[in-house]
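Now for the letters of each chain:
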Amino acid sequence: MRVGIGYDVHALVSGRRLVLGGVEIPFEKGLDGHSDADVLIHAIIDALLGATAQGDIGVHFPSSDPRYKGISSVALLREAAAMLRIAGWGVHNVDASIVAEHPRLTPHIAEMRRIVSEAVGIDIDQVSIKSTTSKGIGFLGRGEGIAAHAVALVERAEKLRQRRGQ
């Protein structure tokens, strides 16, 4: 088994839609970035790639590549999950936290979990997503950005199938 950790942060700006966990969330600002800037999905991708020693999101989906301009980060997550499968890895679970002062994210968590579970190819009960604030401290606390942390546990696909009795 291996564990990977991911982290991402983007600034909040006017004129962009806010997408977290593949869900468009009504808010007056969105995250600045080359893709849809979904910090949650980016952190999960880095956790998965890190667990399997396959680099990070910038290596596989660089912001310098025009193919990724405005792309859905969920599409990138699907591609990263496929890369893991091709390399012989299976995902046990993903656990992630979003750090944002606003907007309130709890009503959107169930849909985020569903989207992530489908993109990675695991059951929804293998995906945990939480949200918290930074209690007004720092740039996140001032509402200047949103961050996400993620952890993923992976295992060689053959061993994972044996463990699950498949």
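### Digging into the nonpolar core
Here comes step 1: If you look at the biggest cluster of nonpolar residues, it comprises 47 residues, and the most contacted ones within it are Leu20 and Leu48.
Here comes step 2: A per-element tally of this core places helix α1 (residues 39–51) first, with ten residues.
Here comes step 3: Contact partners of Leu48, with chain neighbours within four places excluded, come to Leu77, Leu84, Val91, Val94, Val120, Ala152 and Val154.

### Concerning the side chain of Asp46
Here comes step 1: Take Asp46: it is sitting in helix α1.
Here comes step 2: It is Arg2 that comes nearest to the buried, bridge-free Asp46 among opposite-charge side chains, at 14 Å.
Here comes step 3: Separated by 2.7 Å, the side chain of Asp46 and the backbone nitrogen of Ile57 make a polar contact.
Here comes step 4: Once residues lying within four places of it in the same chain are set aside, the contact partners of Asp46 are Ile5, Gly6, Tyr7, Asp56 and Ile57.

### A look at the pattern of salt bridges
Here comes step 1: Overall, the coordinates contain six salt bridges when judged by the stated rule.
Here comes step 2: Measuring nitrogen to oxygen at the nearest pair gives 3.1 Å for the salt bridge that ties Arg17 to Glu24.
Here comes step 3: When its relative accessible area of 45% is taken as the criterion, Arg17 is described as partly exposed.
Here comes step 4: Across the pair Glu111 and Arg114 runs a salt bridge, and its minimum N-O distance is 2.5 Å. Of this pair, Glu111 and Arg114 are both found in helix α4 (residues 109–120), three residues apart, which corresponds to roughly one turn of the helix.
Here comes step 5: Residue Arg114 is classed as partly exposed on the basis of its relative accessible area, which comes to 31%.
Here comes step 6: If you follow the salt bridges from partner to partner, you end up with Glu111, Arg114 and Glu118 in one network.

### Digging into a nonpolar patch on the surface
Here comes step 1: Taken together, the side chains of Val3, Ile5 and Val151 define a hydrophobic patch exposed on the protein surface, amounting to about 300 Å² of accessible area.
Here comes step 2: With respect to the helices, strands and loops of the structure, Val3 is situated in strand β1 (residues 2–13).

### So, the pairing of strand β5 (residues 89–99)
Two faces make up the sheet, and in a regular strand the side chains alternate between them.
Here comes step 1: Across the eleven residues that make up β5, a large majority, eight, are buried.
Here comes step 2: Taken together, the ten bridges between β5 and strand β7 (residues 145–156) define a ladder with antiparallel strand orientation. Each residue of the ladder has a partner; that of Gly90, found in β7, is Glu155.
Here comes step 3: Examined bridge by bridge, β5 and strand β6 (residues 127–132) share six bridges and lie parallel to one another. Opposite Val99, over in β6, you have Thr132 as the bridge partner.
Here comes step 4: Taken together, β5, α4 and β6 constitute a β-α-β crossover, and its handedness is right-handed.

### Section: the packing of aromatic side chains
Here comes step 1: Under the counting rule described, the total for this entry stands at one aromatic pair.
Here comes step 2: Seen from their ring centres, Phe61 and Tyr68 are 5.5 Å apart, and the 85 degrees between their planes marks the pair as edge-to-face.
Here comes step 3: With relative accessibility at 6%, the residue Phe61 sits in the buried group.
Here comes step 4: You can call Tyr68 buried: its relative accessible area is 8%.
Here comes step 5: The side chain of Arg156 reaches across the aromatic face of Trp89, ending 4.0 Å from its centre.

Scoring rules and cut-offs
- Residues numbered from 1 in each chain as written.
- Predicted model: local features only at pLDDT ≥ 70, side-chain atom pairs only at ≥ 80, totals over all residues.
- Heavy atoms only, no water.
- Core = buried A, V, L, I, M, F, W, Y, C linked by side-chain atoms within 4.5 Å.
- Buried < 20%, exposed > 50% of the residue type's maximum accessible area, 1.4 Å probe, protein only.
- Helix = DSSP H or I, 4+ residues; strand = E, 2+ residues; numbered from the N terminus.
- Contact = heavy atoms within 4.5 Å.
- Lys, Arg positive; Asp, Glu negative; His and termini not counted.
- Salt bridge = Lys/Arg side-chain N within 4 Å of Asp/Glu carboxyl O.
- Polar contact = N/O pair within 3.5 Å; in protein donor to acceptor, adjacent residues only side chain to side chain.
- Patch = residues over 30% accessible without salt bridge, like charges linked within 9 Å, V, L, I, M, F, W, Y side chains within 5 Å.
- Areas by Shrake-Rupley, 256 points an atom, 1.4 Å probe, with all protein chains shown as cover.
- Pairing = 2+ DSSP bridges.
- Right-handed = clockwise from strand over helix to strand, strands pointing away.
- Phe/Tyr/Trp six-rings, centres within 6.5 Å; stacked < 30°, edge-to-face > 60°.
- Lys NZ or Arg CZ within 6 Å of the ring centre and 35° of its normal.

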